[in-house]
Amino acid sequence: MSELKKNADKFLDDLMEVYPAKVMKNRKKHVVVKEGAGQEIAANTRTVPGIITNRGCCYAGCKGVVIGPIVDMVHIVHGPVGCAYYAWGTRRNKGKAREGGQNFLNYCFTTDMQESDIVFGGEKKLKKAIEEAVELFQPKAISISATCPVGLIGDDIDAVAREMSEKTGVKILSFNCEGYKGVSQSAGHHIANNKLMKEVVGTNDSPVGKFSINLLGEYNIGGDEWEISRVLSKIGYNLVTTMTGNSTIDEIANAHKSDLNVVQCHRSINYIADMIEEKYGLNWLKGNFIGVENFSKTLRNIARYFGDEGLIARTEEVIAEEVAEIKDTLNSAKEKLNGKTAVLYVGGSRADHYQGLLREIGIETIVAGYEFGHRDDYEGRDVIPYIKLDADTRNIEEITVEKDEKNYSLRIPADKVDELKKEMPIADYEGLMKNMADGSLIIDDLNHYETEKIIEILKPEFFGSGIKDKYIVHKMGTYSKQMHSYDYAGPYAGFKGAANFAKDVEAGILTPAWSYLTPPWNKEPLLKGKVEGV
Ligand code: CFM
Ligand code: HCA
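Residues numbered from 1 in each chain as written. Chains lettered and ligands numbered in written order. Predicted model: local features only at pLDDT ≥ 70, side-chain atom pairs only at ≥ 80, totals over all residues. Heavy atoms only, no water.

So, on to the pattern of salt bridges. Within the structure shown, the criterion is met by 27 salt bridges. Between Glu322 and Arg230 there is a salt bridge whose closest N-O contact spans 2.7 Å. Highlighted residues: Glu322 in helix 15 (residues 309–337) and Arg230 in helix 11 (residues 224–235), separated in sequence by 92 residues. For Glu322, a relative accessible area of 1% translates into the label buried. Residue Arg381 is joined to Asp274 by a salt bridge in which the shortest nitrogen-to-oxygen separation is 2.9 Å. A residue pair is termed long-range when its members are at least 10 positions apart, and Arg381 in the loop between helix 18 (375–379) and strand 12 (400–403) and Asp274 in helix 13 (residues 266–280) qualify at 107 residues. Exposure remark for Arg381: the relative accessible area of 23% places this residue in the partly exposed category. (Salt bridge = Lys/Arg side-chain N within 4 Å of Asp/Glu carboxyl O. Helix = DSSP H or I, 4+ residues; strand = E, 2+ residues; numbered from the N terminus. Buried < 20%, exposed > 50% of the residue type's maximum accessible area, 1.4 Å probe, protein only.)

Among the nonpolar cores identified, the biggest contains 100 residues, and Tyr237, Phe462 and Phe501 are the most heavily contacted of them. Beyond its immediate sequence surroundings of up to four residues, Phe501 is in contact with Tyr354, Leu357, Leu358, Ile361, Phe462, Met483 and Tyr492. With 22 residues, the next largest nonpolar core counts Met16, Val367, Leu446 and Met476 among its residues. (Core = buried A, V, L, I, M, F, W, Y, C linked by side-chain atoms within 4.5 Å. Contact = heavy atoms within 4.5 Å.)

Before going further, it helps to examine the packing of aromatic side chains. Tallying each qualifying case throughout the model produces 19 aromatic pairs. Ring centres of Tyr19 and Tyr449 lie 5.7 Å apart, and the angle between their planes is 70°; this geometry places the pair in the edge-to-face category. Taken together, the residues span a long stretch of sequence, with Tyr19 in the loop between helix 2 (8–16) and helix 3 (21–28) and Tyr449 in helix 20 (residues 448–458) at a distance of 430 residues. The exposure class assigned to Tyr449 is partly exposed, which follows from its relative accessible area of 27%. (Phe/Tyr/Trp six-rings, centres within 6.5 Å; stacked < 30°, edge-to-face > 60°.)

Turning next to unusual backbone geometry. A negative phi holds for most residues other than glycine; trans holds for most peptide bonds. Here the residue pair Met243 and Thr244 is connected by a cis peptide bond, since its omega of 0° sits within 30 degrees of zero. Summarising the element assignment, Thr244 is placed in strand 7 (residues 238–244). Here the bond from Gly490 into Pro491 is cis, since omega is -5°, no more than 30 degrees from zero. Mapped onto the elements, Pro491 comes out in the loop between strand 16 (479–482) and helix 22 (494–510). Look at Gln138: it is not a glycine, yet its phi comes out positive at around 40°.

It is worth spelling out the sheet that holds strand 6 (residues 212–218) at this point. Taken together, four strands build an open sheet; the order of strands is 7-6-8-9 and the sheet is parallel. A single partner strand is all that each edge strand has here, and the edge strands are strand 7 and strand 9 (283–286). Each neighbouring strand pair of the sheet contributes to a mean axis angle of 25°, computed without reference to strand direction. Note that strand 6 and strand 8 (residues 260–263) share four bridges and pair parallel. When the sheet's bridge partners are listed, Leu215 is paired in strand 8 with Val262. Helix 13 contacts strand 6, strand 7, strand 8 and strand 9 of the sheet and is inclined by roughly 155° relative to strand 9. Strand contacts of helix 14 (residues 292–306): strand 6, strand 8 and strand 9, with the helix running at about 165° to strand 8, the strand carrying the most contacts. (Pairing = 2+ DSSP bridges. Axes fitted to C-alpha atoms, helices over the stretch in contact; angles between N-to-C directions.)

Quick look at the site of ligand 2 now. Taken together, Ala60, Tyr86, Arg91, Gln185, Gly466, Ile467, Lys468, Gln482 and His484 make up the full set of residues adjacent to ligand 2. Here Gln185 contributes a side-chain N or O atom positioned 2.7 Å from an oxygen atom of ligand 2. In the model, an oxygen atom of ligand 2 is placed 2.7 Å from a nitrogen or oxygen of the Ile467 main chain. The protein chains hide 91% of the 350 Å² of surface that ligand 2 would expose on its own. Within the shell around ligand 2, the residues separate by chemical class into three nonpolar, four polar and two charged. (Near = heavy atom within 4 Å. Polar contact = N/O pair within 3.5 Å; in protein donor to acceptor, adjacent residues only side chain to side chain. Areas by Shrake-Rupley, 256 points an atom, 1.4 Å probe, with all protein chains shown as cover. Nonpolar A, V, L, I, M, F, W, Y, C, P; charged D, E, K, R; others polar.)

Around ligand 1, 13 residues are found, and the nearest of them are Arg91, His189, Cys265, Ser349 and His484. Looking at the shell around ligand 1 residue by residue, the classes come out as five nonpolar, six polar and two charged.

In space, the four strands of this open sheet follow the order 3-2-4-5, with parallel pairing throughout. Taken across any chain shown, the strands that pair with only one partner, and hence form the sheet edges, are strand 3 (109–110) and strand 5 (171–175). With five bridges connecting them, strand 4 (residues 141–146) and strand 5 associate as parallel partners. The residue of strand 5 that forms the bridge with Ile144 is Ser174.

As a further point, take the packing of helix 4 (residues 58–67) against helix 5 (residues 81–89). Viewed as axis vectors pointing N to C, helix 4 and helix 5 meet at an angle of 55°, and their least axial separation amounts to 9 Å. Taken together, helix 4 and helix 5 sit at an angle that is classed as oblique. Taken as a pair, helix 4 and helix 5 cross one another with a handedness that is right-handed. The residues of helix 5 that touch helix 4, namely those facing Tyr59, Ala60, Lys63 and Gly64, are Cys83, Ala84, Tyr86, Ala87 and Trp88. Looking at the contact of helix 4 with helix 5 residue by residue, the classes come out as seven nonpolar, one polar and one charged. (Parallel < 35°, antiparallel > 145°, perpendicular 65-115°, else oblique. Left-handed = near helix turned anticlockwise from the far one by under 90°.)

With five of six residues buried, strand 11 (residues 364–369) lies mostly within the body of the structure. Relative to strand 11, strand 10 (residues 341–345) runs parallel, the two sharing five bridges. Residue pairing in the sheet places Tyr345 in a bridge with Gly369 of strand 11. In this structure, strand 11 lies alongside strand 14 (residues 441–443), joined through two bridges in parallel fashion.

Take the side chain of Thr147 next. Relative to the assigned elements, Thr147 resides in the loop between strand 4 and helix 8 (148–153). Within the local environment of Thr147, its side chain forms a polar contact with the backbone oxygen of His78, the two atoms lying 2.9 Å apart. When neighbours within four sequence positions are excluded, Thr147 is seen to be in contact with Tyr59, Val77, His78, Gly79, Pro80, Cys83, Glu178 and Gly179.

For the rest of this paragraph, the subject is helix 7 (residues 123–137). Taking 1.5 Å of rise per residue, the 15 residues of helix 7 would be expected to cover 21 Å, and the 21 Å separating its terminal C-alpha atoms lies within 8% of that figure. Looking only at helix 7, the buried set comprises Leu126, Ala129, Ile130, Ala133, Val134 and Phe137. For helix 7, the arc enclosing every buried residue in end-on projection is 130°, short of the 170-degree limit, so these residues lie on one face. Away from the buried face of helix 7 by more than 90 degrees, exposed residues Lys124, Glu135 and Leu136 are located. Summarising the contacts, the buried residues of helix 7 are in contact with strand 2 (73–78), strand 3, strand 4, helix 9 (157–168) and strand 5. Once helix 7 finishes, Gln138 follows within two positions and takes phi at roughly 40°, a positive value. (Expected span 1.5 Å × (residues − 1). Arc of directions from axis to C-beta.)

Here it is in structure tokens:
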């Protein structure tokens, strides 16, 4: 780490030396060497054409991530079978049917668009697919997700959804999430959030129990949500819905009745968190379910939010009980892994979420970055608590309530915001940079060339990323773990998940397999050169 700190400028020069001037200028804005606070980074911009990025598309963010995990909907992909398979077969969002309910997660539904559909239009085929799905499965609801060609030929999936919904009586949600929209998966999250908010949340007014919460931005990859909800119900919470891991359409529809939203992945669900806050007055609290310290802190914050003495005491009991079970596993991993280093390059939240857990097993993250995080995911964001109009019971003075013709608005004096946050433990969203050590490197939209360079120069023992670079990294003799799918493992969230992660990473790093591999730069001279005139 200190080496990197001392030689940061040299390292960056080496990293970028092959780039033409224009590309270098662009990429430099996406790289920050951490130093103190208040640094800025360029993010959520278009990838330089020609560079091999790990990013996915709008459709992946909408269908693959946010909509796909809802268990009792038939998710029809209107497009080529490859797109359908990509956002299904590679996703490890697990789910179970509720009693008497359905679960379609094991099915991959698609219209399998062909050339003739592109030429003559695909709406008829889509209607037929919906008819078949209703006939065969009688689902509670159906989603239609558009892929690139649908937008290009102009199929009106909204009209098809309306028509077929009237005809079949089944709720049908259409998502215009053509892959090419925006610069990454991120646009797809937003499209999914808007529709869920407009058409689903608020449509089920079933009563919910005491201490009710929603988990937002948790997708039950490898069973994470099951481990988190196990602990939450042990403490005494009533989980109304998760968005959207292992969720049903009716549960999501009931979300507005909860007392609090706890947000795990801010990037993918902040829109719903904000919209529910505005529309229904539910505060949201940023949590982190990964790692013992982070998870414990999140549980304590939730209990403080409710302010119930019994809940606060029970939280401590459960934490003590759960930690006792796993601490030996973590300590033993730490003994063996202490001093090792990691590079984390994942989507829009996990590069932050996993740093605490890695530290708990002795591994320091020296480089981290997001594929498509926005600036707030790096730099943090002030979360101003929403104050219900009965806020006076919370001991805050000088809140002025103003009324124009139709609306009330609340003005909180700047110097009261901190006090307010203390009263209502609404954790600010701190972002990735804050918890990283000075001298560490933050890189946005890391590409394959930079990945190889980083491994060659910094030689980390752990590279946490995805399928697109995993095997390149392995061939370089470095352990790489897929932090999207967890390879074939998990859960990694919560207490038991932390122990699973510790065991897997210990085995992955310490396997003698790496010693049988010679990295390319030790084997053969690498061709080096500059591209002129670009
Ligand atoms: Fe949120 Fe996710 Fe992620 Fe994400 Fe993703 Fe994902 Fe990810 Mo892959 S919603 S930002 S768009 S935590 S699919 S479950 S693993 S890139 S870090
Ligand atoms: C996506 C989905 C993805 C891909 C993972 C990977 C996932 O956004 O396209 O590149 O390994 O988690 O499944 O992020």
